[in-house]
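Single-letter residue listing:
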Amino acid sequence: MRVFISHGGLLSMIEAAYAGVPMLGIPMFADQPANIKVMADNKMGISLNYGDINKDRVLTALRTVLDEPRYRAHCMLKLLH
């Protein structure tokens, strides 16, 4: 898997981090916004606001996460620590 699109639930976040897979997070409620913020702050992926989603924003975010090696590298660094 090259990228994981998630609402940011804690278990999904743990699985993606453990596997070293960068994420595209779209938080909805509860702990999800905080989880996605931690992911984005640690450069392990990109956060999108559900209310702002459109085709271009999703494609741009996906291309960024897929094409910029720093996202996968940050996931691997977190996995090693």
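Now for a description of the structure that goes with this document. Note that the structure is predicted; figures quoted are calculated from it, not measured.

### Focus on the overall build of the chain
Scanning the chain from N- to C-terminus turns up four helices and three strands. The N-to-C order of helical and strand elements in the chain reads β-α-β-α-β-α-α. Across its three principal directions, the C-alpha atoms of the chain cover 35 × 30 × 20 Å. Looking at the chain residue by residue over its 81 residues, the buried ones come to 35%. At a minimum sequence separation of 6, the contacts of the chain that also span at least 24 residues come to 44%.

### Quick word on unusual backbone geometry
Even without glycine at this site, A30 takes up a positive phi of about 55°. Mapped onto the elements, A30 comes out in the loop between β2 (23-25) and α2 (32-41). The exposed category is assigned to A30, whose relative accessible area is 63%.

### A short note on the nonpolar core
V3, L24, I26, I46, L48, A61, L62, V65 and Y71 form the largest nonpolar core, which has nine residues in total. Considering each element in turn, this core owes the most residues, three residues, to helix α3 (residues 55-67). Ignoring sequence-local partners within four residues, the contact set of V65 consists of V3, P22, M23, I46 and Y71. Counting seven residues, the second-largest nonpolar core is a separate cluster that includes M23, I36, M44 and C75.

### Observations concerning the pattern of salt bridges
In the structure shown here, the tally under the stated rule is three salt bridges. Across the pair D41 and K37 runs a salt bridge whose closest N-O atoms are separated by 2.7 Å. On the criterion of helical spacing, the pair formed by D41 and K37 is a turn pair, its members being four residues apart in helix α2. When its relative accessible area of 49% is taken as the criterion, D41 is described as partly exposed.

Calculation rules
Residues numbered from 1 in each chain as written. Predicted model: local features only at pLDDT ≥ 70, side-chain atom pairs only at ≥ 80, totals over all residues. Heavy atoms only, no water. Helix = DSSP H or I, 4+ residues; strand = E, 2+ residues; numbered from the N terminus. Buried < 20%, exposed > 50% of the residue type's maximum accessible area, 1.4 Å probe, protein only. Contact = heavy atoms within 4.5 Å. Core = buried A, V, L, I, M, F, W, Y, C linked by side-chain atoms within 4.5 Å. Salt bridge = Lys/Arg side-chain N within 4 Å of Asp/Glu carboxyl O.

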